[in-house]
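Residues per chain, in single letters:
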Amino acid sequence: MVQAFSGPREGGLEKRQQVEKLLTDILTLMGFSARLDFKDAADGSLAVAMHFTGETPPGTAPGHKSFLIDSLQFLLNKCINRPNSERRWVTLGVGGFPEPRGSR
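Residues numbered from 1 in each chain as written. Predicted model: local features only at pLDDT ≥ 70, side-chain atom pairs only at ≥ 80, totals over all residues. Heavy atoms only, no water.

**Student:** I tried to follow the confidence of the model for the protein chain on my own but got confused; where do I start?
**Tutor:** Caution applies to low-pLDDT parts of the model: their predicted coordinates are not meant to be read in detail. On average, residues of the protein chain score 86 in pLDDT, and 85% of them reach the 70 mark or higher. pLDDT under 50 marks residues 1-9. Its contacts with residues more than four places away, or in other chains, come to 29 contacts. (pLDDT = per-residue confidence, 0-100. Contact = heavy atoms within 4.5 Å.)

**Student:** How do you make sense of the packing of aromatic side chains when you look at a structure like this?
**Tutor:** To describe a pair of aromatic rings, one takes the distance between the centres and the angle between the planes. The final tally for this structure, using the stated rule, is one aromatic pair. Between Phe 32 and Phe 52, the ring centres sit 6.4 Å apart and the planes meet at 80 degrees, which makes this aromatic pair edge-to-face. Linking Phe 32 in the loop between helix H1 (12-30) and strand E2 (33-40) with Phe 52 in strand E3 (residues 46-53), this pair joins segments that are 20 residues apart in sequence. On the basis of relative accessibility, which here comes to 15%, the residue Phe 52 falls in the buried class. A cation over an aromatic ring shows up here: Arg 16 above the ring of Phe 38, its NZ or CZ 4.6 Å from the ring centre. Taking NZ or CZ as reference, Lys 39 lies 4.6 Å from the ring centre of Phe 97, over its face. (Phe/Tyr/Trp six-rings, centres within 6.5 Å; stacked < 30°, edge-to-face > 60°. Helix = DSSP H or I, 4+ residues; strand = E, 2+ residues; numbered from the N terminus. Buried < 20%, exposed > 50% of the residue type's maximum accessible area, 1.4 Å probe, protein only. Lys NZ or Arg CZ within 6 Å of the ring centre and 35° of its normal.)

**Student:** Explain the nonpolar core here, please?
**Tutor:** One recurring pattern in soluble globular proteins: nonpolar side chains tend to sit buried together. Among the nonpolar cores identified, the biggest contains 19 residues, and Val 19, Leu 23, Val 48, Met 50 and Leu 92 are the most heavily contacted of them. Elements represented by at least two residues in this core include exactly H1, E2, E3, helix H2 (67-80) and strand E4 (90-94). Excluding residues within four positions of it along the chain, Leu 92 makes contact with Leu 23, Val 48, Met 50, Ile 69, Leu 72, Gln 73, Leu 76 and Pro 98. (Core = buried A, V, L, I, M, F, W, Y, C linked by side-chain atoms within 4.5 Å.)

**Student:** Would you mind showing me how to read the side chain of Ser 45 here?
**Tutor:** Among the structural elements, Ser 45 can be located in the loop between E2 and E3. Contact partners of Ser 45, with chain neighbours within four places excluded, come to Lys 39, Asp 40, Arg 88, Trp 89 and Thr 91.

**Student:** I'm lost on the environment of Lys 78 in this one. Help?
**Tutor:** Relative to the assigned elements, Lys 78 resides in helix H2. Taking the relative accessible area as the measure of exposure, Lys 78 reaches 49% and is therefore partly exposed. In this structure, the C-alpha to C-alpha distance between Lys 78 and Trp 89, residues 11 residues apart in sequence, is 9.6 Å.

**Student:** Is there a simple way to think about the pattern of salt bridges in this case?
**Tutor:** One pass over the full model with this rule turns up five salt bridges. The closest approach of N and O atoms between Asp 37 and Arg 35, which form a salt bridge, is 2.9 Å. As a salt-bridge pair, Arg 88 and Asp 40 come within 2.2 Å of each other at their nearest N and O atoms. Here Arg 88, found in the loop between H2 and E4, pairs with Asp 40, found in strand E2; they are 48 residues apart in sequence, far enough to count as distant. (Salt bridge = Lys/Arg side-chain N within 4 Å of Asp/Glu carboxyl O.)

Written as structure tokens, this is what we have:
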């Protein structure tokens, strides 16, 4: 697997490695293979583009939201952002980086 990564944030490299390991393990257990690209988003989050090789998970399409991807993103954020640690939001996209979140 080849990953692209643009500039680590302070403490961000550790979070990136955690996300990479956990997401790769989950996808492997699901029976899917993907190349992961990482990018620091403008809002401070970590954006991950998943490029599936071979069969893609049901209900996923490049550039579109899906319940599966939303669930994976939720699970990753719960595992990575533990209490009393630096929090960094992880966003997932299929076939490319996810669109930035709008302001709240």
